[in-house]
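Remarks on the overall topology
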Amino acid sequence: MVGGLLVIAVTYGLTRYGFGLYLPQFRTDLGLTSGTAGSIAAGGCLAYCAAAVVGLHLVDRGRARRALWSAGTTAAVGALVVAAAQGTPVLAVGALVAGSGAGAASPALVAAVAGTVPRSAEPRSQTVVNSGTGAGVVAGGLVVLAWPAEWRWAWLGFAGAALLVTWWADRSACWCPPPADPGRPGSGLRPSRLVRPLTAGLLAGAGGAGVWTFGPDVTARSGLSPQATGLLWCLLGAAALLGGLSGSVVRRAGLAATWRISAATTAVGTVLLAWEPGSIVVAAGAVALFGSGFVALSGVLIVWAGRLAPEASAQATALLFIALTVGQAAGAALLGAFADAAGAPVPLVAAAGLLSAAALAAPRARGRTPAGRSGRRRHR
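Residues numbered from 1 in each chain as written. Predicted model: local features only at pLDDT ≥ 70, side-chain atom pairs only at ≥ 80, totals over all residues. Heavy atoms only, no water.

**Notes on the overall build of the protein chain**
Helix and strand counts for the protein chain come out as 16 helices and zero strands. Taken across its 380 residues, the protein chain has 58% of its residues classed as buried. Expressed as a percentage of contacts within the protein chain between residues at least 6 apart in sequence, the contacts between residues at least 24 apart total 86%. When the accessible area of the protein chain is evaluated, it comes to approximately 14,000 Å², of which 66% is carbon and sulfur surface. (Helix = DSSP H or I, 4+ residues; strand = E, 2+ residues; numbered from the N terminus. Buried < 20%, exposed > 50% of the residue type's maximum accessible area, 1.4 Å probe, protein only. Contact = heavy atoms within 4.5 Å. Areas by Shrake-Rupley, 256 points an atom, 1.4 Å probe, with all protein chains shown as cover.)

**Observations concerning the pattern of salt bridges**
One side chain can pair with another of opposite charge once the charged atoms of both are near each other. According to the stated counting rule, one finds three salt bridges in the structure shown. Note that Asp 217 is salt-bridged to Arg 27, the shortest N-O span being 2.5 Å. Taken together, the positions of Asp 217 in helix H10 (residues 195–221) and Arg 27 in helix H3 (residues 23–30) put the pair 190 residues apart, joining distant regions of the chain. What makes Asp 217 buried here is its relative accessible area of 4%. (Salt bridge = Lys/Arg side-chain N within 4 Å of Asp/Glu carboxyl O.)

**Concerning helix H13 (residues 255–275)**
The terminal C-alpha atoms of H13, which comprises 21 residues, lie 30 Å apart, in line with the 30 Å expected from a rise of 1.5 Å per residue. Within H13, the full set of buried residues consists of Leu 255, Ala 256, Thr 258, Trp 259, Ser 262, Ala 263, Thr 266, Ala 267, Gly 269, Thr 270, Leu 273 and Ala 274. (Expected span 1.5 Å × (residues − 1).)

**Observations regarding the packing of helix H1 (residues 2–14) against helix H8 (residues 132–146)**
When two helices pack together, their arrangement is given by the angle between the helix axes and by the axis-to-axis distance. With their axes 7 Å apart at the nearest point, H1 and H8 run at an angle of 60° to one another. Between H1 and H8, the crossing angle belongs to the class labelled oblique. Here H1 and H8 pass one another in a crossing that is right-handed. Packed against H1, whose contacting residues are Leu 5, Ile 8, Ala 9, Tyr 12, Gly 13 and Leu 14, the element H8 presents Gly 132, Thr 133, Ala 135, Gly 136, Val 137, Ala 139 and Gly 140 at the interface. (Axes fitted to C-alpha atoms, helices over the stretch in contact; angles between N-to-C directions. Parallel < 35°, antiparallel > 145°, perpendicular 65-115°, else oblique. Left-handed = near helix turned anticlockwise from the far one by under 90°.)

**Here we look at the packing of helix H11 (residues 226–242) against helix H14 (residues 280–308)**
Interaxial distance between H11 and H14 falls to 7 Å at its minimum, and their mutual angle equals 35°. Our pair here, H11 against H14, has a crossing hand that is right-handed. Taken together, the residues of H14 that come into contact with H11 (itself represented by Ala 228, Leu 232, Leu 235, Leu 236, Ala 239, Ala 240 and Leu 242) are Ile 280, Ala 283, Ala 284, Val 287, Ala 288, Phe 290, Gly 291, Ser 292 and Val 295. In the contact of H11 with H14, the residues fall into 14 nonpolar, two polar and no charged. (Nonpolar A, V, L, I, M, F, W, Y, C, P; charged D, E, K, R; others polar.)

**Quick look at the nonpolar core**
Formed by 108 residues in total, the largest nonpolar core has its most connected members in Phe 19, Tyr 22, Phe 26, Trp 155 and Trp 259. Apart from residues no more than four positions distant in its own chain, Phe 26 is found in contact with Phe 19, Gly 31, Leu 32, Val 82, Leu 91, Trp 151 and Trp 155. (Core = buried A, V, L, I, M, F, W, Y, C linked by side-chain atoms within 4.5 Å.)

**A word on the confidence of the model for the protein chain**
On average, the protein chain scores 83 in pLDDT, and the residues at 70 or more come to 86%. No element of the protein chain has a lower mean pLDDT than helix H7 (residues 122–130), at 67, and none a higher one than helix H5 (residues 64–84), at 95. Between residues 367–380, whose pLDDT stays under 50, and residues either more than four places distant or in other chains, the model counts 68 contacts. (pLDDT = per-residue confidence, 0-100.)

**Things to note about the environment of Val 90**
Its place among the elements puts Val 90 in helix H6 (residues 88–116). With relative accessibility at 40%, the residue Val 90 sits in the partly exposed group. Ignoring anything within four residues of it in the chain, the contact list for Val 90 reads Val 81 and Ala 85.

**Concerning a nonpolar patch on the surface**
Taken together, the side chains of Val 2, Leu 164, Trp 167 and Trp 168 make up a nonpolar region of the molecular surface, amounting to roughly 440 Å² of accessible area. Residue placement: Leu 164 occurs in helix H9 (residues 151–172). What makes Leu 164 exposed here is its relative accessible area of 53%. (Patch = residues over 30% accessible without salt bridge, like charges linked within 9 Å, V, L, I, M, F, W, Y side chains within 5 Å.)

**Details of the packing of aromatic side chains**
Inspection of the entire model under this criterion finds 14 aromatic pairs. A centroid spacing of 5.8 Å and a plane angle of 80° characterise the contact between Trp 212 and Phe 294, whose relative ring orientation is edge-to-face. One end of the pair, Trp 212, is in helix H10; the other, Phe 294, is in helix H14, and 82 residues separate them in sequence. By the burial criterion, Trp 212 is buried, and Phe 294 matches it. Three or more aromatic residues joined by ring pairs form one cluster here, namely Phe 19, Tyr 22, Phe 26, Trp 151, Trp 155 and Phe 158. (Phe/Tyr/Trp six-rings, centres within 6.5 Å; stacked < 30°, edge-to-face > 60°.)

Shown next, in the form of structure tokens:
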């Protein structure tokens, strides 16, 4: 489902994570500080969570198509505001609105894929759509590489792309009603089952905020050119596409081992970027490890949700990704304060510590996830 993949690419890879990519330009042109940037990123994460709740509510009541258009329109409007920003307050509003679009996109596309493809092809299709984040990050990096100073035109293009891909996904999907009773959203989901994965998601999100929010700024401050930063972002996105293989790894290595490996990979990449951000070789290895590890973490959360709540996997997945994003909000605000007080590399070291803690919250080893029980897949 190419249209769904492109919606994820734009709403996640461009209008949500694009704020971190363009942070060096925002700092230069609008006088943005690290602390303010962290607060804006945190607010964007909270807006994402609110949109995810609204999107899930619409999907549970058979209005997935409305949720999709809510996502695309919100991302487009926010991107337009960013493009027009002349100061920090307007930029903050635009970033918050633009970043929230991804929240509604995820539950809408879960329903769209489930209603469009045969049941036997659904797991693979959900994984393909989920990999759109990496594709969007690659596209954003290429834009920075080609036009490093033209951030206003870039965000204007993001707005147009959001509307175009939303229309494409709408036309290519079959909007069938959900199989569950719309009057009882979330039936079969017991939140008490999700305490451990919710904790793991919070920690992973807080740790991941280090590179997503401050990675481009750290490399720029270390002396790398905007072109080099753009190339690194492309590499991060390309590596993130590998994270879509996490479901297959879970089937072979088990849920607990895959979570620990993914968290460790993400933490190592974060530490490497803090250690030598001015070396293009070290930074390239760092962002490749981070991109593949973080998207793999999100994939494991999807499988984890399907295992613990097979009758309500969409609702469970939405809750875990909300936890992941709440963690990103808290991490962005906290790490931004660290950056202002102690220098740019410090938040990345702290972020690696949070990711190491997330590894300790791995699921209890209970064997491999049976095929067909991995639930519906979506990143964030």
